[in-house]
Each structure stands twice: as C-alpha cells, then as structure tokens.
Amino acid sequence: MKYYVLRPSRNKKIIGHYPQTKSIKQNCDIWNEPRFIEKFEFQKIGIEPITANAILHNSSKVTDLIDVVGMGFTRKLLISDKLRKILVNLRKSGLQFFVSNVIYKGINLSNYWIMNLYEVNPEFIDFEKSAVFETNLFDKVKQLEIKSVNEFLEVKKEIDKKGYPNGILIDKVIIREQVSYDFFALLNVEGGVKYILSEKAKWEIEEADCTGIEFQPIELSLAEWLHGGEREKVYGKA
C-alpha cells in the first residue's frame, strides 16, 4: 500500500495567492484564555474551544484545504465541510471538528472547520525499516536502533527527561503492512506532524474534486519533494 502526506497546494493557479492567508483574527486573549484551541494539542477537547479565523488575501482562491500558519492553527488542519465529510468516513475514531469561519473579502464563510485529530498512531510504523535519530535542536546526534513501537516510546520517554533542546526524530517513515486505517497522524517526524493518507483515501479526495491539496509520497523528504523536482512533475511549478 502506498501512503502520502497531506500538503497544502503551492500552485498559484489553484490557490490564487501564496500564501493564501493574509492574517488571523484572534477572538480572545491568546496567551491567557484557557479555552483557546491553541492550548490543546493531540488531546480530546471536552469543551467548546474558542477558535481563530483565517483571513484570506483578496486574490486568494477559496479551497477545501486552507493553508494557514499561526496561533490557533498550529499543527492543525483548516478544511471545508466537503473534505471533513470524507475524512470522517475514512476514520471512525479520534477526530473532532470545530467551526472556524474563513474570512474572504469581508465575508464570513461558515462551512469551515479546524480538525483536532487526538489519536496518533506510532504503532503503524515499521520501526525496523524506518530511521530514528536522537536530536539536539536541528542536529541529528545519533541514529537509534529501534525495533518496535514500545521500544520507541521507552526511548522517547528517556530523551524527553533530558528536556529541550533534546528530542527524537523519525527521519525515514515506513508504514507496516496491513494497516487498517486510511487516514492517521504521526508525531516526532519532519515538520512536527504528518497527516497520512492511503492510496484509497487519496483517490476518494481526488474523485470528490477537493482543491488546495497535494499528496507527497511518504518515502520522500520535504526537501526531495520540493527541491528535487518530484513535486513539480506532479503538480507543476509553485
């Protein structure tokens, strides 16, 4: 089975303006409000959180995946209702969605959601075939011999005790055979999080004509994908 990392489109013909988002409307004191959605990462949210709103450039196009970076959206996806319905059918647990209107040319577009995927699945990784490193800030200190998810979690716990800037990175990700989920998330990877889709999920999203999305093969690093010519072969120049 082939797997892909869900990426926002970089093609201006698709998104209109790069970046799509001009600014973010904050709806609370983002530092002191405990209900602000930024306070919750990869955990189930038991309240109705306060969300932020992405404000698009006038020259941007409205897409099903909106590329937005900033407080309120850290390591989370901002998606249309059409894409939300597909993802819900691909995964039956661990998903929450909260309304987050997109502001475009002064109009509130109400059919947008912030996705909170609070179950991550490191057990889907084939650690014997993947490459795991202990890191110090941005540097790989040494490669670790990890054979199983339990071993990974134990080693991670020990490294976490050392505190910042020590960390652990799954640099090369190989997914195990016979994984039953078509949509899942991985942490401790390049970029902090990868939202992963199976070939089946990719086909469903493309068949539904969802826009603003690119699918990076999981075996490629981001540098290989963006600067090695592989992305351009599939999606054209950014």
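Located above this text is the structure these notes cover.
So, a few notes on the structure that sits alongside this text. (Residues numbered from 1 in each chain as written. Predicted model: local features only at pLDDT ≥ 70, side-chain atom pairs only at ≥ 80, totals over all residues. Heavy atoms only, no water.)

Here we take up the overall build of the protein. In terms of helices and strands, the protein carries six helices and 15 strands. Relative to its length of 238 residues, the protein is compact, with a C-alpha radius of gyration of 18 Å against a globular reference of 18 Å. With the C-alpha coordinates aligned to their principal axes, the bounding extent of the protein is approximately 55 × 45 × 35 Å. Burial status across the protein gives 47% buried among its 238 residues. Long-range contacts, defined here as pairs at least 24 residues apart, represent 66% of the contacts in the protein between residues at least 6 apart. Summed over all atoms, the accessible surface of the protein reaches about 12400 Å², with 50% contributed by carbon and sulfur. Within the protein, one finds 35 positive and 33 negative side-chain charges whose respective centroids are separated by 4 Å. (Helix = DSSP H or I, 4+ residues; strand = E, 2+ residues; numbered from the N terminus. Rg over C-alpha atoms; globule rule 2.2 N^0.38 Å. Buried < 20%, exposed > 50% of the residue type's maximum accessible area, 1.4 Å probe, protein only. Contact = heavy atoms within 4.5 Å. Areas by Shrake-Rupley, 256 points an atom, 1.4 Å probe, with all protein chains shown as cover. Lys, Arg positive; Asp, Glu negative; His and termini not counted. Charge placed at Lys NZ, Arg CZ, Asp CG, Glu CD.)

The nonpolar side chains of a soluble globular protein tend to be buried with one another. Core analysis: the biggest nonpolar cluster contains 24 residues, and Leu87, Met115, Phe183, Tyr195, Leu197 and Ile205 have the highest contact counts within it. Counting residues per element, this core draws most heavily on helix 2 (residues 81-90), which supplies four residues. Methionine 115 has contacts with Lys76, Leu77, Leu87, Leu95, Gln96, Phe97, Phe183 and Tyr195, leaving out every residue within four places of it along the chain. Among the nonpolar cores identified, the runner-up in size contains 20 residues, and Phe124, Leu144, Phe152 and Val189 belong to it. (Core = buried A, V, L, I, M, F, W, Y, C linked by side-chain atoms within 4.5 Å.)

In this section: the pattern of salt bridges. Per the stated rule, a full pass over the model turns up 18 salt bridges. For glutamate 158, the salt bridge identified is with lysine 161, shortest N-O distance 3.2 Å. Here lysine 161 and glutamate 158 lie together in helix 3 (residues 149-162), a separation of three residues that amounts to about one turn. For glutamate 158, a relative accessible area of 44% translates into the label partly exposed. Among the residues examined, lysine 161 registers a relative accessible area of 61% and is labelled exposed. Between glutamate 214 and arginine 231 there is a salt bridge whose closest N-O contact spans 2.9 Å. In this pair, glutamate 214 is assigned in strand 15 (residues 213-217) and arginine 231 in helix 6 (residues 230-235), connecting sequence segments 17 residues apart. In this pair, the class of glutamate 214 matches that of arginine 231, namely buried. (Salt bridge = Lys/Arg side-chain N within 4 Å of Asp/Glu carboxyl O.)

Moving on: the pairing of strand 9 (residues 112-117). Among the six residues that make up strand 9, five are buried, leaving the element largely enclosed by the rest of the structure. In this structure, strand 5 (residues 77-80) lies alongside strand 9, joined through four bridges in antiparallel fashion. The residue bridging serine 80 from the neighbouring strand is tyrosine 112, located in strand 9. (Pairing = 2+ DSSP bridges.)

This part is about the sheet that holds strand 15. An order of 13-14-1-15 is seen for the four strands of this open sheet, with the pairing classed as antiparallel. The open sheet terminates on both sides in strands that have one partner only, identified here as strand 13 (183-187) and strand 15. Recorded for the sheet is a direction-independent mean angle of 40 degrees between the axes of neighbouring strands. Note: strand 1 (residues 3-8) against strand 14 (residues 193-198), three bridges, orientation antiparallel. The residue bridging tyrosine 4 from the neighbouring strand is leucine 197, located in strand 14. Packed onto the sheet, helix 4 (residues 199-207) meets strand 1, strand 14 and strand 15 and runs at close to 85 degrees relative to strand 14. (Axes fitted to C-alpha atoms, helices over the stretch in contact; angles between N-to-C directions.)

This part is about the sheet that holds strand 5. Ordered by their spatial adjacency, four strands build an open sheet running 4-5-9-6, and the pairing between neighbours is antiparallel. Taken across any chain shown, the strands that pair with only one partner, and hence form the sheet edges, are strand 4 (65-66) and strand 6 (95-99).

Note that lysine 12 resides in helix 1 (residues 12-15). Note: C-alpha distance between lysine 12 and tyrosine 118 (106 residues apart in sequence) is 32 Å.

Residues Leu137, Phe138 and Tyr164 make up a contiguous nonpolar surface patch of about 460 Å² in total accessible area. The exposed category is assigned to phenylalanine 138, whose relative accessible area is 78%. (Patch = residues over 30% accessible without salt bridge, like charges linked within 9 Å, V, L, I, M, F, W, Y side chains within 5 Å.)

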